[in-house]
Structures are given as C-alpha cells and as structure tokens.
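Residue-level listing of the chains:
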Amino acid sequence: MVEPASGAGPADAAGDAAEALDRPLPEGVRRRVVALVSDAFGALTVADLPAQLRQYARFTPTRRAKFAGNAMAAAVETDPVFRSRVAEKVREAQADLAGALESGAPPAAADPLDVAAAAFVLRPAGWVKLVAAAGEEAQRADAERVGEETRRELERLREELEHVRELQRTGGEQVRVELEAARKEAESLQRRLRSALSDVKRGEAALRKVTAEIDGIRGEAATRVAAAESESRRLKSRLAEVESALETSRRATREGRSIEDMRLRLLLDTVLDAAQGLRRELALPPVNTRPADTVDAVEPGRMTPKDIAARALSETDPALLDQLLALPQAHLVVDGYNVTKTGYPTMPLEKQRLRLLGGLSMLAAQTGAEMTCVFDGAELAAPVLLAPPRGVRVLFSKAGVTADELIRQLVRAEPPGRPVVVVSTDREVADGVAKVGARPVTSALLLKRLSRVS
C-alpha cells in the first residue's frame, strides 16, 4: 500500500469526503490543473504514476499537456494517491501559495485561476469554494472582456456610421452628377452594343453560309476520295488475283510438266525393265531372229507354256512376294498398322513401328524395290520423332485423312503399267487398289517373308 505524501493526512481524506464539486471544473481552472500535473510529472518515477499515464512519462511537459491533458485531469480527480503525490510536488514548487491556501488566507494579488488550480490539487479546507469563486471570477472577467470588446466595436461602428453620413451629405451632389454621366454613358454603350450585336448576327449568318458550303465541298470531296480509294482497292485486289492466278498457272505448268516427265520416264524405265524381265523369264534369245527361227518347233531345253504355268505359286507362299518384288521398278506399299496389329498387337505402337520398319529395311536391301510404309496419323498423340530406315519411305496420314485413303492416293499417283504391290488385310483397301491396277497381298504374307529375313 502506498503511503500518502507529506502534508496529506487524515484531514485531507476527510475533506475529500466532505467536499465535492457539484459542477464540472471551469475550463480555465482545468487547464491550470493540467499544467500543474504536467510540471510535477517529471519529478515522479514511473512506479508513482497511474497505469494509464505511464506511457507519457518520457514526454515533455508541453507534449504531456497536449496529448494527456484529459487523462491527467481524470487521474487527479479520481486517484487520491496520485493527487497527493502531485500536491507534494506543488508544495515544493509553490511553497508560498500552498502555505497561504492551507492557512485559509489565499493571497489577494494571486491569479484566481492559479489559486483555484492549486486548491483543487492540495484540497485545503474550503477548496470547493475557492474553485467555484475562481470559476465565477473567470466568467466575470470573460464577461467584462467581452463587454469591453463589444463596447469598443460599438464605438467603432458609430464612428464609421457618422463618417458615412458625412460622406453622404458632402458627396450626394457629386454622386448625382456622376450618376447622370454614368446613365448617359450607359445609354451610349447600349446603342453601340445593339449595333455590334447586329453586326455579329450578320457575321454569324455569313459564317453559317460559308460553313455550309465548305461542309458540302468536303462531303463531295470525301465521297470522291472514298470512291477513288474503293476503286483503287478493287484494282489492286484484281491485280493481285491476276498475278496469283498467273503464278499458279506457271507453277502448275512447271509442276505438271515435271510430274508428267517423271511419270513418262518412270513408265519408260518400267517398260524397258519389264521387257528385259520378260526376256529373262521367258528365256528369250537375243534379238537376232532369222526367218528360219519362225518355224514352229521344239528346241532342246526350251520351256513350253505348260512349263511356265507350272511355276505359279500359292497366295500364302512368301516366294510369291519375292517374285512380285523382282518385277522391274516394283513399288511395295505397306499398310503399317494393319501389318503390326496382325503380327504383334500387344507391343506399344512405337515398338510396332520400329520392328516393322527394321524388317522392311532389310527386305529393301535384298530386293532393291521401292518401299513406302503408311501409318494412320490419327493414332498419334504428338509428333513422331522417327528417322526412316535406309531404303524405306515412311508417311503418316494428315488430320482428317485415313491411312487407307493415303494408300489409294499413292497407287493413283503411279503411272499405268508400273508394278505396285499393296500389303493390307483390309478388304476395302485391297479391292480399291486392285481396281486401279495394283496387286494386293495379305499382311500375313509379308510377315512370313519378314520372319525369313530376320
């Protein structure tokens, strides 16, 4: 428990209990009380301060009074221990005033607000009357100050009024003369203003007419410019179309000539190779026929048509594929997934492709035939990173085009007469390529032939 400060005994506590203000502190007294508490603040330790005031312990007195004024006034009002500590510091700082108040004889020359503030903190006998008297004195002083200021203001207004009346008496005639002159000048200005307004209206009418003409000319010019630009764009578009058509025609002519030349050359090579192959197959002698050679007879060692017919092979014999690929300029077209899913369907697609292409590469090396392997592009989840093996052309169908259609396009691209062999078990593919002159064989036949290669 904190002991009361020196000079604050039981009489003070009893006085606090017996005396109390019946109205709020006058504002002037409250400000002086805050100033006293702020000055005494610095001489107290943090432990001596109420909890709500400790955060202001390091503030200067001026900042304390500014930011903690209400809190300090409330603490002095409600915390007797804190008030007694502040009172002790006030007694030390203002010993004469404190002694006079506690003796019951406040000095007459002292400021009533200072006396009331010190009495509020020290709480001597009769402090409530001192505070109330100080409040009344402050109010009376404020009233006297306001009355004096009002009286001075009233005197000033009376002097100004008298001055105005004097000016009215001495300057009335001059004002009338000036007013008449101003009236005449105003009439003259009105006449000039009416004339100017008339000129402005005529100018505005002329301006509107000229503006309308300019707008018409601009509109006509804009229409002509738009028509010219439209015609220019049309001509440019037509010129671009003509140039594009000309370039397309030239390119088509070049490509057509190139393709036709290639097809004719390939067909010629095929015919030549076929003739040589027929000569070998039929065991024909060199072209040195003599009339005697035309006599029908059987020469020793010469094959008859019956012997040639006996050489036909079964559709399931891998040798049949060898015979077909031995034809001049033979082209083998393979339906890739049809073969792999027939031979090894459980393997991943990538391994299926690699296994088939490896076998085709070995077959191409053995036979020398042209080989094209076609895969369905719809099976792809991403672009295939694949290096085609030597001697084998690898193609994937485009989006929206099946592998079957791509095979038919390859067969139709070949010149009539060239031997084309298509490997597919798909009946629709086999029938379609057979109609355009290709020789279909089953996937099983190719798989048997490849197994013999490996």
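Computed from a predicted model, the values in this text were never measured in an experiment.

Draft legend 1. Seen up close, the packing of helix α4 (residues 69-78) against helix α5 (residues 80-93). At a minimum axis distance of 6 Å, the contact between α4 and α5 shows a crossing angle of 105°. In terms of orientation, α4 lies roughly perpendicular with respect to α5. Facing A75, V76, E77 and T78 of α4, the residues of α5 in contact are P80, F82 and R83. Residues that form the contact of α4 with α5 fall into these classes: four nonpolar, one polar and two charged.

Draft legend 2. View of the sheet that holds strand β4 (residues 420-423). Taken in spatial order, the five strands of this open sheet run β3-β2-β1-β4-β5, and their pairing is parallel. Both edges of this open sheet fall to β3 (392-396) and β5 (439-441), since each of them pairs with a single strand only. The average undirected angle you get between the axes of adjacent strands in this sheet is 20°. Contacts between helix α11 (residues 336-343) and the sheet are confined to β1 (331-335), β2 (370-375), β3 and β4, with β1 contributing the most and set at about 60° to the helix.

Draft legend 3. Fine view of unusual backbone geometry. Of note, the phi angle at Q329 is positive, near 55°, even though the residue is not glycine. Note on placement: Q329 falls in the loop between α10 (318-325) and β1. For Q329, a relative accessible area of 27% gives the class partly exposed.

Draft legend 4. Representation of the pattern of salt bridges. If you walk through the whole model with that rule in mind, you get 18 salt bridges. Ionic contacts of the salt-bridge type, sharing partners, join the residues E370, R393, E414 and R418 into one network.

Draft legend 5. Spotlight on the confidence of the model for the protein chain. Mean pLDDT for the protein chain: 78, with 81% of residues reaching 70 or above. In the model, residues 1-15 has pLDDT below 50 throughout and makes 16 contacts with residues more than four positions away in sequence or in other chains. Overall, residues 303-310 carries pLDDT values under 50, and its contacts beyond four positions in sequence, including any with other chains, amount to three contacts.

Draft legend 6. Expanded view of the packing of α5 against helix α7 (residues 112-122). As a packed pair, α5 and α7 sit with axes 8 Å apart at the nearest point and diverge in direction by 130°. Taken together, the axis directions place α5 and α7 in an arrangement best described as oblique. Residues R83, V86, A87, V90 and R91 of α5 pack against F120, V121 and L122 of α7. Residues that form the contact of α5 with α7 fall into these classes: six nonpolar, no polar and two charged.

Draft legend 7. Representation of α4 within the structure. Every buried residue of α4 is listed here: G69, M72, A73, A75 and V76. Around the axis of α4, the buried residues are gathered within 160° of arc, so they sit on the same side. Facing away from the buried surface of α4 by more than 90 degrees, the exposed residues are N70 and T78. Elements that come into contact with the buried residues of α4 comprise α2 (27-41), α3 (61-67), α5 and α7.

Draft legend 8. Quick look at the nonpolar core. If you look at the biggest cluster of nonpolar residues, it comprises 35 residues, and the most contacted ones within it are V37 and F82. Going through the elements one at a time, α2, α4, α5, α6 (95-102), α7 and α8 (127-281) are the ones with two or more residues in this core. For this core, the leading source of residues is α7, giving nine residues. Setting aside residues up to four positions removed in sequence, V37 forms contacts with M72, V76, F82 and V86.

Draft legend 9. The arrangement of the side chain of N338 in detail. Of note, N338 is situated in helix α11. A polar contact of 2.9 Å, which involves the side chain of N338, links it to the backbone nitrogen of T425. Side-chain polar atoms of N338 contact the side chain of S443, separated by 2.6 Å. Beyond its immediate chain neighbours, meaning those up to four positions away, N338 contacts S424, T425, D426 and S443.

Draft legend 10. Quick peek at the side chain of R449. Along the polypeptide, R449 turns up in helix α15 (residues 443-453). Aside from chain neighbours lying at most four places away, what touches R449 is P318, L321, D322, L363 and Q366.

Draft legend 11. Just the packing of aromatic side chains, in detail. One pass over the structure, following the stated rule, counts two aromatic pairs. Members of the aromatic cluster, connected to one another through ring pairs, are Y337, F375 and F396. A cation sits over an aromatic face here: R63 above F59, 4.3 Å from the ring centre. Over the ring of Y337 we find K341; its NZ or CZ atom is 5.4 Å from the centre of that ring.

Draft legend 12. Structural view of the pairing of β2. Along β2, five of the six residues are buried, which leaves the element largely enclosed by surrounding structure. Examined bridge by bridge, β1 and β2 share five bridges and lie parallel to one another. Along β2, the bridge assignment pairs V333 with T372. Pairing of β2 with β3 involves five bridges; the strand directions are parallel. Each bridged residue has a counterpart across the sheet, and for M371 the counterpart in β3 is V392.

Draft legend 13. Structural context of the environment of P389. With respect to the helices and strands, the residue P389 is situated in the loop between β2 and β3. For P389 and L357, which are 32 residues apart along the polypeptide, the C-alpha to C-alpha distance reads 6.7 Å. Other than its neighbours up to four places away in sequence, P389 contacts L357, S361 and V394.

Draft legend 14. Summary view of the pairing of β1. Of all five residues making up β1, five are buried, and the element is well covered by its neighbours. Going residue by residue along β1, you find H331, V333 and D335 tucked away on one face and L332 and V334 tucked away on the opposite face as well. Across four bridges, the pairing between β1 and β4 is parallel. Following the sheet pairing, V334 is matched in β4 by V423.

Cut-offs and rules
Residues numbered from 1 in each chain as written. Predicted model: local features only at pLDDT ≥ 70, side-chain atom pairs only at ≥ 80, totals over all residues. Heavy atoms only, no water. Axes fitted to C-alpha atoms, helices over the stretch in contact; angles between N-to-C directions. Helix = DSSP H or I, 4+ residues; strand = E, 2+ residues; numbered from the N terminus. Parallel < 35°, antiparallel > 145°, perpendicular 65-115°, else oblique. Contact = heavy atoms within 4.5 Å. Nonpolar A, V, L, I, M, F, W, Y, C, P; charged D, E, K, R; others polar. Pairing = 2+ DSSP bridges. Buried < 20%, exposed > 50% of the residue type's maximum accessible area, 1.4 Å probe, protein only. Salt bridge = Lys/Arg side-chain N within 4 Å of Asp/Glu carboxyl O. pLDDT = per-residue confidence, 0-100. Arc of directions from axis to C-beta. Core = buried A, V, L, I, M, F, W, Y, C linked by side-chain atoms within 4.5 Å. Polar contact = N/O pair within 3.5 Å; in protein donor to acceptor, adjacent residues only side chain to side chain. Phe/Tyr/Trp six-rings, centres within 6.5 Å; stacked < 30°, edge-to-face > 60°. Lys NZ or Arg CZ within 6 Å of the ring centre and 35° of its normal.

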